[in-house]
Amino acid sequence: MHNENQRPNPVKQERGQAPRGRMAYLTRWSSYAVPDDFDPDEISWVTDRIGITDLPGSFTAAEEGHYVVNTADEIKSPSDIKIVVDPREGPQALRKTLSKIADAIDSELSESENKVVVHCYMGMERSVIAVVWYLHKFYGLSLKDAYDKVGAARPIAVNHTSWIQE
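Described below are features of the structure shown in this document. (Residues numbered from 1 in each chain as written. Predicted model: local features only at pLDDT ≥ 70, side-chain atom pairs only at ≥ 80, totals over all residues. Heavy atoms only, no water.)

Once that is clear, we can look at the nonpolar core. Soluble globular proteins: nonpolar side chains tend toward being buried together. In terms of nonpolar packing, the biggest core is built from 31 residues, with Leu98, Ile101, Ile105, Val131 and Val150 touching the most fellow members. The set of elements that each furnish at least two residues to this core consists of β2 (50–53), β3 (67–70), α3 (91–111), β5 (116–119), α4 (126–139) and α5 (143–153). Here this core takes eight residues from α4, the largest share from any one element. Ignoring sequence-local partners within four residues, the contact set of Ile105 consists of Ile50, Val116, Val118 and Tyr134. Counting residues in hydrophobic clusters, the runner-up holds six residues, among them Val34, Phe38, Ile156 and Val158. (Core = buried A, V, L, I, M, F, W, Y, C linked by side-chain atoms within 4.5 Å. Buried < 20%, exposed > 50% of the residue type's maximum accessible area, 1.4 Å probe, protein only. Helix = DSSP H or I, 4+ residues; strand = E, 2+ residues; numbered from the N terminus. Contact = heavy atoms within 4.5 Å.)

So, in structure tokens, the structure goes:
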């Protein structure tokens, strides 16, 4: 159903090779060890049906027929649903927003055979916390364990537990 702009995938470097400057920036902020060959434009599968990516990766996800969730207000992508994650809302409002996303993911997984890909601009903060909250809510993982599970799949993940704690 990809309801936002159906434009071609943004220009990127040779497939599988993110620009060095961009990777240096991402690595500096991540909470996990990032392998040299990590490509943020690829979909990082946290479970067999839940992935995280960045803006360019959202186009790939849509092309592959996955259910795409956009968590970034500032970008348009070929998403099936857009629920904005804004840490400036404060912890209580953000937890409510994250629960909406988690419920949407769970509904899609329960009612279809689709895989779900969650993205934001860089695929390291807003999309990450959305998937962490899903794992916390539906898998019963602690926030730390959920972040560690996400970080194992997407090592550029930044732990923003502070966004949702009062």
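This paragraph deals with the packing of α3 against α4. The contact between α3 and α4 brings their axes to 9 Å, and the two run at 70°. With respect to α4, the axis of α3 lies roughly perpendicular. Across from Arg95, Leu98, Ser99, Ile101, Ala102, Asp103, Ile105, Asp106 and Leu109 in α3, the residues of α4 making contact are Ile129, Ala130, Trp133, Tyr134, Lys137 and Phe138. Of the residues contributing to the contact of α3 with α4, the split by class is 10 nonpolar, one polar and four charged. (Axes fitted to C-alpha atoms, helices over the stretch in contact; angles between N-to-C directions. Parallel < 35°, antiparallel > 145°, perpendicular 65-115°, else oblique. Nonpolar A, V, L, I, M, F, W, Y, C, P; charged D, E, K, R; others polar.)

The next point concerns the pairing of β3. Neither face of β3 is open: one carries Tyr67 and Val69, the other Val68 and Asn70, and all of them are buried. In this structure, β3 lies alongside strand β4 (residues 81–82), joined through two bridges in parallel fashion. Paired with Val69 across the strands is Ile81, a residue of β4. (Pairing = 2+ DSSP bridges.)

That's the geometry; what it means functionally is another story.
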